[in-house]
Amino acid sequence: MQIYLPIAEMPVSVLLILGMGAAVGFISGIFGIGGGFLMTPLLIFLGIPPAVAVATQSAQIVASSTTSVLGAIRRNALDRKLGAILVAGGFVGSALGVWFFAAARRAGQLDLVIVISYVTLFTVVGSLMLKESIREFWHRRKGGAVRLRRKAGEHAPYLGWPLRMRFYRSKLYVSVIPIVGLSLFIGFAGALLGIGGGFIVVPALLYVFRVPTTVVVGTSQFQIVCTTLVALILHAVMNQAVDFVLAILLIIGGVFGAQFGARMGRHLRAELFRFLLAILLLAVGLRFGLELIMQPDEPFSITVQETRT
């Protein structure tokens with residue numbers, strides 16, 4: 001069964017899109033993060049224009065993360081003050097990301113920018129997570145506890161910069177400058193690459209800021225929902241790149257898959273969790289890396305330049 005995507009300007013199989021949404025939702029449910037980092041590459045590999053894939057995936061991220069935020073609020077697993085700081089920086093980062101997205105698209109370099117960004121980001125983050133998971137697994141196999149790089153209560157020097165603020169729910173008293181810097185980067189990357197950024201912000205809050213695990217996921221999802229919603233609106237208004245037919249199909253499939261994935265994710269050990277996620281990130285980064293060295297099917301393309309009269 002085929003359906004025509006008006007913005008992507010191509011027909012696709014309804015069952016294929018629903019299946020992709022369910023599969024990514026299942027993986028997202030296992031790892032507890034948004035599936036934009038996986039769905040956007042799959043859409044691009046399927047032939048969806050990168051601009052449409054990035055912008056449309058934002059709608060699926062908002063829908064899938066909203067339920068997580070509502071659940072975190074009910075469980076009191078959300079640091080509203082920390083979330084507000086993350087959202088404020090994320091708004092600015094999202095606006096800058098959409099602006100850069102539009103500029104790269106006008107210059108005809110958007111596809112190259114997306115591919116290089118995915119290769120760099122996923123290779124770096126995946127390698128760091130793989131190293132951490134192997135180190136933890138090795139220490140557990142030797143029968144000892146995992147050694148922390150810093151003792152409890154000790155923080156990196158940049159956390160003591162000016163503009164320090166106390167976050168009672170997260171038990172923090174740190175400078176807001178690195179927090180805003182993190183949120184700026186997440187907002188920018190999310191708008192440019194169509195990712196929620198949970199696979200970056202969650203480890204950062206855990207290992208860099210030492211936020212308790214009980215509030216990390218809820219606070220991260222709150223920031224992702226707000227900033228991704230802004231990016232979605234800006235993409236729809238400024239770039240006209242959001243295909244709502246495709247978005248609805250992805251949301252329907254993702255909702256079903258996430259329910260089963262969440263149940264399976266409860267039985268994964270922490271070190272296995274990080275190892276599998278690292279392998280997944282490296283695999284996606286490697287697939288995009290092949291795009292840089294493989295010869296395209298059509299080396300030349302024809303574009304029509306708009307002239308002003």
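Residues numbered from 1 in each chain as written. Predicted model: local features only at pLDDT ≥ 70, side-chain atom pairs only at ≥ 80, totals over all residues. Heavy atoms only, no water.

Identification of the chain as Probable membrane transporter protein from Microvirga aerilata is taken from an unreviewed UniProt entry. UniProt annotates the chain under Sequence similarities (unreviewed entry) with the comment "Belongs to the 4-toluene sulfonate uptake permease (TSUP) (TC 2.A.102) family." (UniProt positions renumbered as here; feature names shortened; annotations may be inferred.)

*Asks:* Got a minute to help me understand the nonpolar core in this structure?
*Replies:* Across soluble globular proteins, you tend to see nonpolar side chains buried next to one another. In this structure, Phe37, Ile48 and Phe199 are the most contacted members of the largest nonpolar core, which totals 64 residues. By residue number, the principal contributor to this core is helix α5 (residues 110-141), which donates 10 residues. If you look at the next biggest cluster of nonpolar residues, it comprises 6 residues, including Ala59, Ala241, Val242 and Ala247. (Core = buried A, V, L, I, M, F, W, Y, C linked by side-chain atoms within 4.5 Å. Buried < 20%, exposed > 50% of the residue type's maximum accessible area, 1.4 Å probe, protein only. Helix = DSSP H or I, 4+ residues; strand = E, 2+ residues; numbered from the N terminus.)

*Asks:* Is there a simple way to explain a nonpolar patch on the surface in this structure?
*Replies:* Taken together, the side chains of Leu112, Ile116, Leu286, Leu290, Leu292, Ile293 and Met294 make up a nonpolar region of the molecular surface, amounting to roughly 680 Å² of accessible area. Mapped onto the nonpolar patch, the elements with two or more residues apiece are α5 and α10 (270-293). Take the nonpolar patch: its biggest share by element is 4 residues, from α10. Position of Leu286 relative to the elements: it lies in helix α10. (Patch = residues over 30% accessible without salt bridge, like charges linked within 9 Å, V, L, I, M, F, W, Y side chains within 5 Å. Areas by Shrake-Rupley, 256 points an atom, 1.4 Å probe, with all protein chains shown as cover. Salt bridge = Lys/Arg side-chain N within 4 Å of Asp/Glu carboxyl O.)

*Asks:* Explanation requested: empty space enclosed by the protein in the structure shown.
*Replies:* Over the atoms, a rolled probe matching the size of one water molecule traces out where space is still vacant. Here the structure, examined in full by the defined rule, presents 2 cavities of 30 Å³ or more. Considering only enclosed or pocket space, the largest cavity measures out at about 60 Å³ in volume. Lining the largest cavity are Ser58, Ser94, Ile186, Gly187, Gly190, Ala191, Ile195, Gly196, Thr227, Thr228 and Ala231. Every element with two or more residues in the lining of the largest cavity is listed here: α6 (176-193) and α8 (213-239). (1 Å grid on protein atoms, 1.4 Å probe; cavity = no way out; pocket = protein on both sides within 12 Å on 5 of 7 lines; lining within 4 Å. Points joined across faces, edges and corners; volume = space filled by probe spheres on them.)

*Asks:* How should the packing of aromatic side chains be read in this particular structure?
*Replies:* The geometry of an aromatic ring pair is captured by the separation of the ring centres together with the interplanar angle, meaning the angle of the planes. Taken as a whole and judged by the stated rule, the model has 4 aromatic pairs. Between Tyr118 and Phe288, the aromatic rings sit 4.6 Å apart at their centres with planes inclined by 5 degrees, giving stacked as the arrangement. Of this pair, Tyr118 sits in helix α5 while Phe288 sits in helix α10; the two residues are 170 residues apart in sequence, bridging distant segments of the chain. The structure contains a cluster of three or more aromatic residues connected by ring pairs, namely Phe45, Tyr118, Phe122 and Phe288. Against the face of Tyr173 rests Arg166, its NZ or CZ located 4.3 Å from the ring centre. (Phe/Tyr/Trp six-rings, centres within 6.5 Å; stacked < 30°, edge-to-face > 60°. Lys NZ or Arg CZ within 6 Å of the ring centre and 35° of its normal.)

*Asks:* Explain the UniProt feature "transmembrane region" (unreviewed entry) in the chain to me, please; I cannot follow it from the model alone.
*Replies:* Listed under "transmembrane region" (unreviewed entry) in the UniProt record, and renumbered for this structure, are residues 12-38, 44-70, 82-104, 110-130, 172-202, 214-234, 241-260 and 272-290. Helix makes up 100% of residues 110-130 and strand 0%. Its end C-alpha atoms lie 29 Å apart.

*Asks:* Whenever I open this one, the packing of helix α2 (residues 36-46) against α5 confuses me. Can you help?
*Replies:* When two helices pack together, their arrangement is given by the angle between their axes and by how far apart the axes lie. The geometry of α2 relative to α5 is characterised by a closest axis approach of 13 Å and an angle of 145 degrees between their N-to-C directions. Relative to α5, the crossing made by α2 is left-handed. Contacts between α2 and α5 pair Gly36, Phe37, Thr40, Pro41 and Ile44 from the former with Ile114, Tyr118 and Phe122 from the latter. The residue inventory of the contact of α2 with α5, partitioned by class, reads 6 nonpolar, 2 polar and no charged. (Axes fitted to C-alpha atoms, helices over the stretch in contact; angles between N-to-C directions. Left-handed = near helix turned anticlockwise from the far one by under 90°. Contact = heavy atoms within 4.5 Å. Nonpolar A, V, L, I, M, F, W, Y, C, P; charged D, E, K, R; others polar.)

*Asks:* I would appreciate a short explanation of unusual backbone geometry in the present structure.
*Replies:* Its identity is not glycine, yet Leu163 carries a phi of approximately 60 degrees, on the positive side. Mapped onto the fold, Leu163 is located in the loop between α5 and β3 (164-167). Leu163 gets classed as exposed once you look at its relative accessible area, which sits at 60%. With a phi angle near 50 degrees, Gln240 is a residue other than glycine that sits in the positive phi range. Note that Gln240 resides in the loop between α8 and α9 (244-265).

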